[in-house]
Amino acid sequence: MPTFPQARSLCLLSLSLALAACGDDAATTAVTDGTTETSSSSSSSSSSSTTGASTSATSGETTAETTGSSSGATTDVTTTDATTTDATTTAGVTEGTTDTDTDATTTDATTTDTDTDTSTTGDTDTDTDTDTDTGGADDVTIYAIQDGTIQADVLVSVKGVIVSAVDDFGIFVQEPPGGEYSGVWVYTSKMGPDITMLAIGDEVDLTGMTFDLSGLTEIDASKGTITPTGQKGLTVTPELLPISTFTDPVTAEPWEGVLVRIEGAPLAVVGTPGFDEFVVSGAGDSIYVDEMVYNVMKSPIDFPNFGIGASFTAIQGPLNFTFGNFKVAPRLKADLEGYVAGEKTELTLSELKAGELVVTEVMYNPLCDNDACEWIEVLNQAPLPVNLNGLIIQDNQENPASQGKVVVDLVVPVGGYAWLGKGTVQTWPYVQAADAHTGTKPDLGNSGDYIVVRSADVVLDKTASWPNKGAPAAGLSWHLKPGQLDAVANDDAANWCYSTTAFDANMPLERGTPKAVNEVECAPI
């Protein structure tokens, strides 16, 4: 605080003495924050001190103020009344006095303010403010969240961002200027804010908690808010980047959550690692294409004969990150441009016709404990290799509650056999591994039963019933005779017989030809 000039100090001292002699005269004192304080002064017989109570109008604040000077001490208690009466005249502070000002401000809608001012002889002013903000989320940008300025587990408010993709469990949003660090995934869950009415190009405000999900930066708004501003049809231009950008985590990270675009001539499909994702390659680099928002593999009408060998000229979508890989996540058919179908290389079960998969051998009464190693053999007579994932195996009950199922990818070549064992790899007693296992069902009857194999919609084959041969048939497989290997011939039990060929060292008494051409010989039982 600057020092008073000497002339101004003398003037103020004279004013103080004059006021002290005024007795009960009323005085009006101007308050420095713009309010007017009306006081009624009363002087005691002692000239050493003066004590009064003063009330002034403030902006919603209640202030207890104590002023000490060489001529006395004055205490002001200020309430929220616009006009009050003060029993004491407050004189100005003179050079050499000590002013202790304590303001205790009541809490308004959002802030508690404690302000302590101390003025000493040397005109030193110490101001301490303590503010407690209970208003909630901090207003931030996506840039600050993605570049690490805002750490995880911070409640944030982001305003005026554009929806770039909508999923069942959340949305991708982006800052309008775009560029590095401009996009982010916002998780809502199906129990959070309603996003069903949102569309690409909508502007929204949102609140949520910053979160790191296995390397993916996101905003968890499942307990927050997503509020459309009413602006619709806004454009987010995808960032055209080479695939090599995404092969290095250092160069890829700034684009996480951002709408990106890759181009190639062509972008060839070179892998289908599972989970309905695929890998495309261009200019020697490759990148995953995610099924998070739009699933190409479940869109056979739009992308017929999709698989390795198919290609695109451009793919765009937000850049997602899961299981250690950056992935472009197309949002709709239009995000996958220039599609060229590859040659059909294999069939799924849903593409098979009845009779194209034939049951050729059955071990219904093995020698293992509790018949836990029953097995069947099937032959692929379709024009292309067949993936047996999802194949259902039933007995004569044809009951979904007691059926087995292949639950792994198993591609059988044209004219090839597949050995399907009951149980699991851990319970399998043979030296040779089965091609796949079907679980603990069905339980095949030793005294007569039959096999049904089917897809979810079509019965592909059904065998004849085997006879009740009792103990002599134990450990012998029942097989179709060579020359009768089709879905019509296997309906007749006369085209079947029992095997004579040993096939496994662990089970030397068992006979059969799993995964191989059926023998001509038949056991005479």
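Residues numbered from 1 in each chain as written. Predicted model: local features only at pLDDT ≥ 70, side-chain atom pairs only at ≥ 80, totals over all residues. Heavy atoms only, no water.

S.K.: Is there a simple way to explain empty space enclosed by the protein in this structure?
M.R.: Remark: the empty space left among the atoms is shown by a probe the size of a water molecule rolled over them. According to the stated counting rule, one finds two cavities of 30 Å³ or more in the structure shown. The space that makes up the largest cavity amounts to roughly 80 Å³. Along its surface, the largest cavity is lined by Glu374, Trp375, Ile376, Ile393, Leu420, Gly421, Lys422, Thr438, Lys441, Pro442, Leu444 and Ile451. Elements represented by at least two residues in the lining of the largest cavity include exactly strand S23 (375-380) and strand S28 (417-421). Along the lines of polarity and charge, the residues of the lining of the largest cavity split into seven nonpolar, two polar and three charged. (1 Å grid on protein atoms, 1.4 Å probe; cavity = no way out; pocket = protein on both sides within 12 Å on 5 of 7 lines; lining within 4 Å. Points joined across faces, edges and corners; volume = space filled by probe spheres on them. Helix = DSSP H or I, 4+ residues; strand = E, 2+ residues; numbered from the N terminus. Nonpolar A, V, L, I, M, F, W, Y, C, P; charged D, E, K, R; others polar.)

S.K.: Could you clarify how one ought to interpret the nonpolar core in this entry?
M.R.: One recurring pattern in soluble globular proteins is that nonpolar side chains are buried together. Of all hydrophobic cores here, the largest spans 38 residues; its most connected members are Val378, Leu388, Leu391, Leu420 and Val453. Sorting the residues of this core by element identifies strand S22 (357-363), S23, S28, strand S32 (478-480) and strand S33 (496-498) as the ones contributing at least two each. Counting residues per element, this core draws most heavily on S22, at four residues. In contact with leucine 420, not counting residues within four places along its chain, are Glu374, Trp375, Ile376, Val378, Leu391, Ile393, Val406, Leu410, Ala436 and Thr438. (Core = buried A, V, L, I, M, F, W, Y, C linked by side-chain atoms within 4.5 Å. Buried < 20%, exposed > 50% of the residue type's maximum accessible area, 1.4 Å probe, protein only. Contact = heavy atoms within 4.5 Å.)

S.K.: Got a minute to help me understand the state of the cysteines in this structure?
M.R.: Throughout the structure, instances matching the rule amount to two disulfides. Here cysteine 497 is linked by a disulfide to cysteine 522, with a sulfur-sulfur distance of 1.9 Å. As the torsion about the S-S bond is roughly -65°, the cysteine 497-cysteine 522 disulfide counts as left-handed. With a gap of 25 residues between them, cysteine 497 in strand S33 and cysteine 522 in the segment after S33 connect regions that are remote in the sequence. When the cysteines engaged in disulfides are numbered in sequence order, the protein chain pairs them as 1-2, 3-4. (Disulfide = S-S within 2.5 Å.)

S.K.: I keep staring at unusual backbone geometry and nothing clicks. Help me out?
M.R.: Trans is the prevailing form of peptide bonds, just as negative phi is the prevailing case for residues other than glycine. With an omega of 0°, the peptide bond running from alanine 265 to proline 266 counts as cis. Assignment of secondary structure puts proline 266 in strand S16 (residues 259-274). Each neighbour pair has its own omega, and for lysine 441 with proline 442 the value is -5°, a cis peptide bond. Along the polypeptide, proline 442 turns up in the loop between strand S29 (436-437) and strand S30 (452-454). Unusually for a residue other than glycine, serine 189 sits at a positive phi of about 65°. Note that serine 189 resides in the loop between strand S12 (183-187) and strand S13 (203-213). The phi dihedral of phenylalanine 275 falls on the positive side, at around 60°, and the residue is not glycine.

S.K.: Which parts of the structure should I look at to understand the pattern of salt bridges?
M.R.: Working definition: two side chains of opposite charge can pair if their charged atoms are close together. Summed over all chains, the structure comprises 13 salt bridges. The shortest N-O distance in the salt bridge between aspartate 139 and lysine 159 comes to 3.8 Å. Of this pair, aspartate 139 sits in strand S9 (residues 138-140) while lysine 159 sits in strand S10 (residues 155-167); the two residues are 20 residues apart in sequence, bridging distant segments of the chain. Both residues of the pair, aspartate 139 and lysine 159, count as exposed. (Salt bridge = Lys/Arg side-chain N within 4 Å of Asp/Glu carboxyl O.)

S.K.: What is the right way to read the environment of glycine 201 from this model?
M.R.: Structurally, glycine 201 is set in the loop between S12 and S13. On a C-alpha basis, the gap between glycine 201 and leucine 234 in space is 4.4 Å, while along the polypeptide they are 33 residues apart. Leave out the neighbours within four places in its chain, and glycine 201 touches Ile162, Val163, Gln231, Lys232, Gly233 and Leu234.

S.K.: Looking at this structure, I do not really get the packing of aromatic side chains. What am I missing?
M.R.: Aromatic ring pairs are described here by two measures, namely the spacing of the ring centres and the angle between the planes. Evaluation of the coordinates by the stated rule reveals 21 aromatic pairs. Taking 4.8 Å as the distance between ring centres and 70° as the angle between the ring planes, the aromatic pair formed by phenylalanine 278 and phenylalanine 306 counts as edge-to-face. Here phenylalanine 306 lies in the loop between strand S18 (285-289) and strand S19 (311-322) and phenylalanine 278 lies in strand S17 (residues 277-282), a separation of 28 residues in the sequence. For phenylalanine 306, a relative accessible area of 18% translates into the label buried. Geometrically, the ring pair formed by tyrosine 430 and phenylalanine 503 is tilted, given 5.5 Å between the ring centres and 40° between the ring planes. Placement of tyrosine 430 in the loop between S28 and S29 and of phenylalanine 503 in the segment after S33 is noted, with a sequence separation of 73 residues between them. Tyrosine 430 gets classed as buried once you look at its relative accessible area, which sits at 5%. Residue class for phenylalanine 503 comes out buried when judged on its relative accessible area of 14%. Three or more aromatic residues link up through ring pairs in this structure, and these residues are Phe278, Tyr294, Phe303, Phe306, Phe312 and Tyr339. (Phe/Tyr/Trp six-rings, centres within 6.5 Å; stacked < 30°, edge-to-face > 60°.)

S.K.: So what exactly am I meant to see when it comes to the side chain of glutamine 146 here?
M.R.: Note on placement: glutamine 146 falls in helix H2 (residues 142-146). You can call glutamine 146 buried: its relative accessible area is 6%. A distance of 3.2 Å separates a polar atom in the side chain of glutamine 146 from the backbone oxygen of glutamate 256. Leaving out residues up to four positions away in the same chain, glutamine 146 has contacts with Tyr181, Gly183, Val184, Thr217, Glu253 and Glu256. (Polar contact = N/O pair within 3.5 Å; in protein donor to acceptor, adjacent residues only side chain to side chain.)

S.K.: It is not clear to me how the sheet that holds S23 should be interpreted in this structure. Could you clarify?
M.R.: Think of a sheet as strands paired side by side through backbone hydrogen bonds, with each pair either parallel or antiparallel. Taking strand neighbours across the sheet as the criterion, the six strands line up as S29-S28-S23-S22-S32-S33 in an open arrangement whose pairing is mixed. Strands with a single pairing partner mark the edges of an open sheet, and in this sheet they are S29 and S33. (Pairing = 2+ DSSP bridges.)

S.K.: Explanation requested: the pairing of S17 in the structure shown.
M.R.: In regular strands, side chains alternate between the two faces of the sheet. Among the six residues in S17, five count as buried, and that is most of the element. As judged from the four bridges shared by S16 and S17, these two strands associate in the antiparallel manner. In the strand pairing of S17, valine 269 is matched with valine 280. Hairpin connection, S16 to S17: the antiparallel pair is bridged by two residues, and phenylalanine 275 has positive phi, about 60°. The antiparallel hairpin formed by S17 and S18 contains two residues in its connecting segment, where alanine 283 sits at a positive phi of about 55°.

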